[in-house]
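As a plain string of letters, each chain reads:
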Amino acid sequence: MGEHDTIRARLRAAVRADDPWTALSALLALHTDRPGGLADAAEELYWSDADRAALRPCLGWLLGVLGEDGDELLLRLLAETAFAADDRRDLLRTAVARRLRLPAELLRTYGEQAPASGGRGAHADGPPAPELVDAMGLSGDASFAPRLGDLLGSPAVRGRAALALGRLGVRAWTAPIAGRLSEVTGLDHTAFVVALELMGDPAAVPYLLRWLAESGEDRVYDVHHALVRLTGRDPLLPERASGAAYAAAVRAAWAGGRTERAPAVVRDLAVESGTWARFSVDDGAGRIRVAFDPPSPGVTWPRWNRSLTFDGKPLYRVGSHCDTCELGLALMDWPEDEARSIAARMRGRLARLERLDAALLAEWSPVLAELETGHYRALLLDLPLERVSDAARSWWYRRAAARAEVDDDCAYADDPPEDYWPGIAHFQLTTAVPGGRVPFTYGALLPSQPLETLAPATVARHTAAIAAGERPAAVALGWIDDRYVEARHMERWLVGAVLDGHHRLAAYAAAGVPARVLLLARVGERGAEGGLEGLAEVAAAYGRRDESGDGT
């Protein structure tokens, strides 16, 4: 049996296994250097009716891990007209999930041959299938814009059509999308507003301002978010306002149609103790922020996943804001040096930071103004941290393993540790936070530069200083994340991204000494992350204390 026959036989056995995902992972480990061979074998199997039925549930995942070879295979299969309509629909959905830019002629051919939305024939009056609408938006071909524009009035696909137009960026459709905001509700309304954000056209602003004054309370958040994105102006709203109070505050902030961005201002500085202070940022530069990702084609919720971004560049994917979904962070890319050096301007006072005071925060106002608009708490903490590079040692996995121990029906019992790894060595609390209302409160500080690139001599210098009694501080931007995973497991996280002090944290972890950390935590509007209860628990457990043991 030749190598090709061997790969094909192994692939056939893997997709027919009781656990095809584990079998496929093992197969890929054997053939990582031959993705083309796996792609050829998958193509042969797809031409067999019986093999195609077994391969179909795994095809999208398999093609994704095969990279360019998988994408080329997908294009070849889509170009074939011999497959049944259901098979071609699955292929197109996979291509959309892969965000492939498909040739316009291929999509036109598909539209002529495939069933329309709702199962009607291709020549019926109904709209095209949803996956075709998504693919048009990904195509980059502006010739699809008139057809997509016609679909803005079709209840079955109008939200998808608006997003597709937004991805194409054909600004001639800004006004038609904005002009229909009063006609749509729910997720369609969100889709139309997000489409205007994707379009990036300031011409939408007058429409949004008029609609803000007229819209119902439930639509105000989306309109406000779009105005911030399109104008750059980010006015400060009352802390934790919700419902009618939030809607009134948003309308007041944009009253009179003022859209010019004002200089960032740090205000309401108040020091409540040497370890706890508060401040607000109005019209913040937002160079460091948690922002919604552009919506994935075909998703139900236009606003779902979020990322921690530096100067608009994603650093970590934060995941969804669904409070019954699991929190999982994943490294996206490293920021530019300039963004990472923002907090370095605080470094002079961080060398011996013993307590917070108003003068210190006022001195740091130019740095704090680089943050996102919002209300913040500053906490001076001594955190017992360890450096972790083994997925099995990370809290991201250990919390899942702990669930499996107490839940006989736990969906996580057989997951490997790597499924939860954020993709980079990081720092974490050595134990769960003691004394919290939520039984399991974990903590992790994620780096903004690879820890493997730290200079050993600098770490050694800080280690010696710490051994001599010095306590240089690091700075982290963080928040409290509360989850009720699957409505079964209460879980709370202290999450932080290191802005400055990677070498200091590495030295503390190596020395086994609690790390002095200045945590800047946002407590957002409308119940956003940054729970005050969780921050108070963290401060009670780890707030910097003087030599007598009393809080300073």
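Structure shown above.
Residues numbered from 1 in each chain as written. Predicted model: local features only at pLDDT ≥ 70, side-chain atom pairs only at ≥ 80, totals over all residues. Heavy atoms only, no water.

> Help me out: how do you make sense of the packing of aromatic side chains in this one?
One pair of aromatic rings is described through two measures. These are the centre distance and the angle between the planes. This model, assessed by the stated rule, comprises ten aromatic pairs. Centre to centre, the rings of W47 and F83 are 4.6 Å apart; their planes meet at 45°, and the pair counts as tilted. Of this pair, W47 sits in the loop between α3 (35–46) and α4 (49–65) while F83 is found in the loop between α5 (68–79) and α6 (85–97), placing the two residues 36 residues apart along the sequence. Taking the relative accessible area as the measure of exposure, W47 reaches 41% and is therefore partly exposed. With 5.3 Å between their ring centres and 45° between their planes, Y442 and W493 make a pair best called tilted. (Phe/Tyr/Trp six-rings, centres within 6.5 Å; stacked < 30°, edge-to-face > 60°. Helix = DSSP H or I, 4+ residues; strand = E, 2+ residues; numbered from the N terminus. Buried < 20%, exposed > 50% of the residue type's maximum accessible area, 1.4 Å probe, protein only.)

> What am I meant to see in the nonpolar core here?
Nonpolar side chains tend toward joint burial in soluble globular proteins. Counting residues in each nonpolar core, the largest one holds 84 residues, and the members touching the most others are L11, L148 and L208. Considering every element that reaches this core, the biggest residue donor is helix α12 (residues 186–199), with seven residues. Not counting the four nearest positions on each side in its chain, L148 is found in contact with V133, M136, A161, A164, L165 and L168. Judged by nonpolar contacts, the second largest core, of 46 residues, contains F310, V367, Y376 and L477. (Core = buried A, V, L, I, M, F, W, Y, C linked by side-chain atoms within 4.5 Å. Contact = heavy atoms within 4.5 Å.)

> I would appreciate a short explanation of the sheet that holds strand β4 (residues 305–310) in the present structure.
Sheets are built from strands paired through backbone hydrogen bonds, the pairs being either parallel or antiparallel. In spatial order, the strands read β3-β4-β5-β6; together these four strands make up an open sheet with antiparallel pairing. The open sheet is flanked by β3 (288–292) and β6 (330–331), the only strands paired with a single partner. Bridge count for β4 against strand β5 (residues 313–320) is six bridges, and the pairing is antiparallel. Its bridge partner being in β5, T309 is matched across the sheet by P314. (Pairing = 2+ DSSP bridges.)

> Can you walk me through the side chain of H502 in this structure?
Mapped onto the fold, H502 is located in helix α22 (residues 502–511). H502 sits in the buried class, given a relative accessible area of 3%. With sequence-adjacent residues up to four places away left out, H502 is seen in contact with F427, P447, S448, Q449, L451 and L454.

> When you look at α6 in this model, what are you seeing that I'm missing?
Between its terminal C-alpha atoms α6 stretches 18 Å, which fits the 18 Å expected from 13 residues at 1.5 Å a residue. Among all positions in α6, only D87, R88, R89, L91, L92, T94, A95 and V96 are buried. For α6, the secondary structure elements touched by its buried residues are α3, α4, α5, α7 (104–113) and α8 (130–138). Directly after α6, the chain includes R99, whose backbone phi takes a positive value near 60°. (Expected span 1.5 Å × (residues − 1).)

> Help me understand the packing of α7 against α8 in this model?
For any two helices packed against each other, the geometry comes down to the angle between their axes and how far apart the axes lie. Remark: α7 packs on α8, axes separated minimally by 11 Å, with the N-to-C direction vectors making an angle of 165°. Taken together, the axis directions place α7 and α8 in an arrangement best described as roughly antiparallel. Judged by the sense of rotation from one axis to the other, the crossing of α7 with α8 is left-handed. Side by side, α7 and α8 meet where L107, Y110 and G111 of the first sit next to E131, L132, A135 and M136 of the second. Here the contact of α7 with α8 is composed, by residue class, of five nonpolar, one polar and one charged. (Axes fitted to C-alpha atoms, helices over the stretch in contact; angles between N-to-C directions. Parallel < 35°, antiparallel > 145°, perpendicular 65-115°, else oblique. Left-handed = near helix turned anticlockwise from the far one by under 90°. Nonpolar A, V, L, I, M, F, W, Y, C, P; charged D, E, K, R; others polar.)

> In this structure, what is going on with the pattern of salt bridges? I would like to understand it.
A side chain of one charge can pair with a side chain of the opposite charge if their charged atoms are brought near each other. Under the definition given, this model contains 48 salt bridges. Residue R12 is joined to D51 by a salt bridge in which the shortest nitrogen-to-oxygen separation is 3.0 Å. Placement of the pair is R12 in helix α1 (residues 3–15) and D51 in helix α4, with a sequence separation of 39 residues. Residue D51 is classed as buried on the basis of its relative accessible area of 7%. In this structure, E354 and R544 form a salt bridge, with 2.5 Å as the shortest nitrogen-oxygen distance. You can see E354 sitting in the loop between α17 (347–350) and α18 (358–363) and its partner R544 sitting in the segment after α23 (532–542), a full 190 residues away along the chain. For E354, a relative accessible area of 35% puts it in the partly exposed group. (Salt bridge = Lys/Arg side-chain N within 4 Å of Asp/Glu carboxyl O.)

> Would you explain the sheet that holds strand β11 (residues 474–485) in this entry?
Here nine strands make up an open sheet; going across it, the order is β1-β2-β7-β13-β11-β12-β10-β9-β8 and the pairing mixed. Each edge of the open sheet is held by one strand with a lone partner, namely β1 (265–273) and β8 (385–388). Neighbour to neighbour, the strand axes of the sheet diverge by 30° on average, direction disregarded. Inspection of the sheet shows β11 paired to strand β13 (residues 515–523) by five bridges, in the parallel sense. Counted as the bridge partner of A476 is L519 from β13. Lying on the sheet, α22 is in contact with β8, β9 (426–429), β10 (441–446), β11, β12 (489–500) and β13; it crosses β8 at an angle near 100°. Docked against the sheet, α23 engages β2 (276–282), β7 (374–383), β9, β11, β12 and β13, running at close to 25° with respect to β7.

So far we have only geometry, and geometry alone does not tell us how the molecule works.
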